[in-house]
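So the chains spell out like this:
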Amino acid sequence: MASLGVKVITPILTAGKIRAAPAGAATRRGARTSAFTLVEMIVVVAIMTLGLSLFLGLNHRQRESLVWRTKLRELQVFFKAARSHAILQRKTNDCLFNPESGGLREQLDRRRVLLGPGVEIELNAAQQALLAAAAGCGAAPAAAIQAEVSLLTFYADGGAAGGPLRVFGQRSQAEFTVNPLTGGITFTERLKDDGAGR
C-alpha cells in the first residue's frame, strides 16, 4: 500500500490520549538513546589521555633508572677487570680519568669506559690539584685536554689504593669503595642530596 501513496500512522499513547506519529519516529528516538553523547566521548578521551600520560611518564623514569644502573654495573665490571689484569700481568694498574672527555681507561689493557651524559665523578682535593698543575704548567691546550688523574690503583698482589669514588647521576648518586687488602669493589646507591656540595 505504500506504493499507492498511503501514509502509515502508528499511534503513540501520551498521558492517556492517543496521538498519531510518523512511521519512522519510533526508530529515530530509539537510535538517539543508544548513541554516545559528545560529553561522554570527551570524558572517555580525557581518561584515556590521562592514563597514557601516566604510563609514559613512569616508563621514562624507569628507562632513566635502567640506564643509570647499567652504567654503575659497567663501572664495577671495569674496575674488577682492572684488578684482574693487575694480578695476571703482575704489574700495577691505574684506572685513569680524563675529566674533559668523561672517560676512564686502564693503564695496562687500555680498555676504556665513557661515563656518558649526566654522569659525573667527584674528584678529591689532591686529584683536583694534580689536574690544576697539569693544566697550569704552561703546556699546550691539547696537552691540557689529555690531563688524566688516577682514581684507583690495583696492585699485583690483589690489593688496591684509592677511593671512595663518588659518582653522580641526574637523580641518584653512588659510592664505590675498594677494599685495600683484597681489591674488592662494592658500591652503594642512594638518591642525590639536594644540598650536597660537589
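All values reported here derive from a predicted model rather than from experimental measurement. (Residues numbered from 1 in each chain as written. Predicted model: local features only at pLDDT ≥ 70, side-chain atom pairs only at ≥ 80, totals over all residues. Heavy atoms only, no water.)

Participant: Help me out: how do you make sense of the packing of aromatic side chains in this one?
Facilitator: The geometry of two aromatic rings is summed up by the distance between their centres and the angle between their planes. Summed over all chains, the structure comprises three aromatic pairs. When the ring of Phe-78 is compared with that of Phe-79, the centres are 5.6 Å apart and the planes differ by 65°; the resulting orientation is edge-to-face. For the pair Phe-79 and Phe-176, a centre-to-centre distance of 5.7 Å together with 75° between the ring planes defines the contact as edge-to-face. Of this pair, Phe-79 sits in helix H2 (residues 38-89) while Phe-176 sits in strand S10 (residues 172-178), and the two are 97 residues apart along the sequence. Residue Phe-79 is classed as buried on the basis of its relative accessible area of 0%. (Phe/Tyr/Trp six-rings, centres within 6.5 Å; stacked < 30°, edge-to-face > 60°. Helix = DSSP H or I, 4+ residues; strand = E, 2+ residues; numbered from the N terminus. Buried < 20%, exposed > 50% of the residue type's maximum accessible area, 1.4 Å probe, protein only.)

Participant: Is there a simple way to explain unusual backbone geometry in this structure?
Facilitator: For Arg-90, which is not glycine, the phi dihedral falls at a positive 55°. Structurally, Arg-90 is set in the loop between H2 and strand S3 (93-98). Among the residues examined, Arg-90 registers a relative accessible area of 69% and is labelled exposed. A positive phi angle, close to 65°, is found at Arg-110, a residue other than glycine.

Participant: Where do I start with the sheet that holds strand S6 (residues 120-122) in this structure?
Facilitator: Backbone hydrogen bonds hold the strands of a sheet together, and the pairing may be parallel or antiparallel. Read from one edge to the other, the open sheet built from four strands follows the order S6-S9-S10-S11, with strand pairing classed as antiparallel. This sheet does not close on itself; its edge strands, each paired only once, are S6 and strand S11 (185-191). The mean inter-strand angle of the sheet, taken between neighbouring strand axes irrespective of direction, is 25°. (Pairing = 2+ DSSP bridges. Axes fitted to C-alpha atoms, helices over the stretch in contact; angles between N-to-C directions.)

Participant: Can you help me understand the environment of Gln-127 in this one?
Facilitator: With respect to the element layout, Gln-127 can be found in helix H3 (residues 125-135). When the C-alpha atoms of Gln-127 and Glu-148 are compared, they prove to be 9.3 Å apart, with 21 residues separating the residues in sequence. Those residues in contact with Gln-127 that lie beyond four places of it in its chain are Glu-122, Val-149, Ser-150 and Leu-151. (Contact = heavy atoms within 4.5 Å.)

Participant: Looking at this structure, how should I read the nonpolar core?
Facilitator: Across soluble globular proteins, you tend to see nonpolar side chains buried next to one another. Among the nonpolar cores identified, the biggest contains 29 residues, and Leu-75, Phe-79, Phe-97, Leu-104, Ile-121, Phe-154 and Phe-176 are the most heavily contacted of them. Where this core is concerned, the elements lending two or more residues are H2, S3, strand S7 (149-154), strand S9 (165-168), S10 and S11. Looking at this core, the element that brings in the most residues is H2, giving seven residues. In contact with Leu-75, other than residues within four places in its own chain, are Leu-104, Val-113, Leu-115, Val-167 and Phe-176. (Core = buried A, V, L, I, M, F, W, Y, C linked by side-chain atoms within 4.5 Å.)

Participant: Would you mind showing me how to read the pattern of salt bridges here?
Facilitator: Oppositely charged side chains can form a pair if their charged atoms are brought close together. This structure, assessed with the given rule, holds six salt bridges. Where Arg-105 meets Glu-148, a salt bridge forms, and the shortest distance between an N and an O atom there is 2.9 Å. On the criterion of sequence distance, the pair formed by Arg-105 in strand S4 (residues 103-106) and Glu-148 in the loop between helix H4 (141-145) and S7 is long-range, its members being 43 residues apart. Take Arg-105: its relative accessible area is 11%, and that puts it in the buried class. You can call Glu-148 partly exposed: its relative accessible area is 30%. The residue Glu-106 makes a salt bridge to Arg-111 at a minimum N-O spacing of 2.8 Å. One continuous salt-bridge network, built from bridges that share partners, spans Glu-122, Arg-166 and Glu-175. (Salt bridge = Lys/Arg side-chain N within 4 Å of Asp/Glu carboxyl O.)

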